[in-house]
Amino acid sequence: NHKPSGAFRTGWSTNETLSAAMNNSASSTVTINLGVSIEHMSSVQNIGVMQDKTTHVAKKIATDLFNYMQSFDTGSGGGGNMVVPKNIFERWMSRFEAKARVDPNFFMKNSDES
């Protein structure tokens, strides 16, 4: 037995419809169907790839935010500190959302990092 058990994230906590239904369970019934499949190990060799991809995407988004903030740095912070406008995150988020509407994977492109 290569992997006798595992814990897997469902993503349910980020699903607004499901979250709202679960929080308001007094007025409605929440039904969740969960499927399980037992497969031969040779057919699931890529099972760890998703976590690696998620971490890679998070690093790309963080790098995009850092580069955006750095473009506003006045250099007056000294000691490795960055000085940026107070609303920098909101400005970055607006820009990020606008770019993502045009190209959902824009942050994965034009990078020297692998």
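That block above? That's the structure.
Residues numbered from 1 in each chain as written. Predicted model: local features only at pLDDT ≥ 70, side-chain atom pairs only at ≥ 80, totals over all residues. Heavy atoms only, no water.

S.K.: Is there a simple way to think about the overall build of the protein in this case?
M.R.: In terms of helices and strands, the protein carries 3 helices and 0 strands. In the protein, the succession of helices and strands from N to C terminus is α-α-α. Classification of the 114 residues of the protein by burial places 9% in the buried group. Sequence separation of at least 24 residues holds for 40% of the intrachain contacts in the protein that already meet a minimum separation of 6. With the model as given, the accessible surface of the protein reaches about 9,600 Å², and the carbon-plus-sulfur share is 53%. (Helix = DSSP H or I, 4+ residues; strand = E, 2+ residues; numbered from the N terminus. Buried < 20%, exposed > 50% of the residue type's maximum accessible area, 1.4 Å probe, protein only. Contact = heavy atoms within 4.5 Å. Areas by Shrake-Rupley, 256 points an atom, 1.4 Å probe, with all protein chains shown as cover.)

S.K.: Got a minute to help me understand the environment of Phe89 in this structure?
M.R.: One can find Phe89 in helix H3 (residues 88–102). Overall, the relative accessible area of 44% leaves Phe89 in the partly exposed class. Here the alpha-carbon distance between Phe89 and Leu65, two residues 24 residues apart in the chain, equals 8.1 Å.

S.K.: Please explain the packing of aromatic side chains as it appears in this structure.
M.R.: The geometry of an aromatic ring pair is captured by two quantities: the separation of the ring centres and the angle between the planes. Under the criterion given, the structure shown has 6 aromatic pairs. Look at Phe89 and Trp92: their rings are 5.5 Å apart centre to centre, the planes differ by 40°, and that puts the pair in the tilted class. You can see Phe89 and its partner Trp92 sitting in helix H3, 3 residues apart, about one turn around the helix. Judged by its relative accessible area of 5%, Trp92 is buried. Among the aromatic residues, those joined into a ring-pair cluster are Phe89, Trp92, Phe96, Phe106 and Phe107. (Phe/Tyr/Trp six-rings, centres within 6.5 Å; stacked < 30°, edge-to-face > 60°.)

S.K.: What am I meant to see in the pattern of salt bridges here?
M.R.: Pairs can form between side chains of opposite charge once their charged atoms are near each other. A full pass over the atoms with the stated rule returns 1 salt bridge. Linking Asp64 and Arg95 is a salt bridge whose minimum nitrogen-to-oxygen distance equals 3.2 Å. With Asp64 in helix H2 (residues 49–70) and Arg95 in helix H3, this residue pair connects regions lying 31 residues apart in the sequence. Classification of Asp64 as buried rests on a relative accessible area of 14%. (Salt bridge = Lys/Arg side-chain N within 4 Å of Asp/Glu carboxyl O.)

S.K.: Looking at this model, I keep getting lost on the nonpolar core. Mind explaining?
M.R.: Proteins that are soluble and globular tend to have nonpolar side chains buried together. Leu65, Tyr68, Ile88, Trp92, Phe96, Phe106 and Phe107 together form the largest nonpolar core, which totals 7 residues. Broken down by secondary-structure element, the contributors of at least two residues to this core are H2 and H3. When residues of this core are assigned to their parent elements, the largest contribution, 3 residues, is made by H3. Those residues within four positions of Leu65 in sequence are excluded, and the remaining contacts are Phe89 and Trp92. (Core = buried A, V, L, I, M, F, W, Y, C linked by side-chain atoms within 4.5 Å.)

S.K.: Got a minute to help me understand H3 in this structure?
M.R.: Here H3 contains 15 residues, and its C-alpha end-to-end distance of 22 Å stays within 8% of the 21 Å for a straight helix at 1.5 Å per residue. Of the positions making up H3, those classed as buried are Ile88, Trp92 and Phe96. In an axial view of H3, the angular spread of the buried residues amounts to 60°, which keeps them on one side of the axis. (Expected span 1.5 Å × (residues − 1). Arc of directions from axis to C-beta.)

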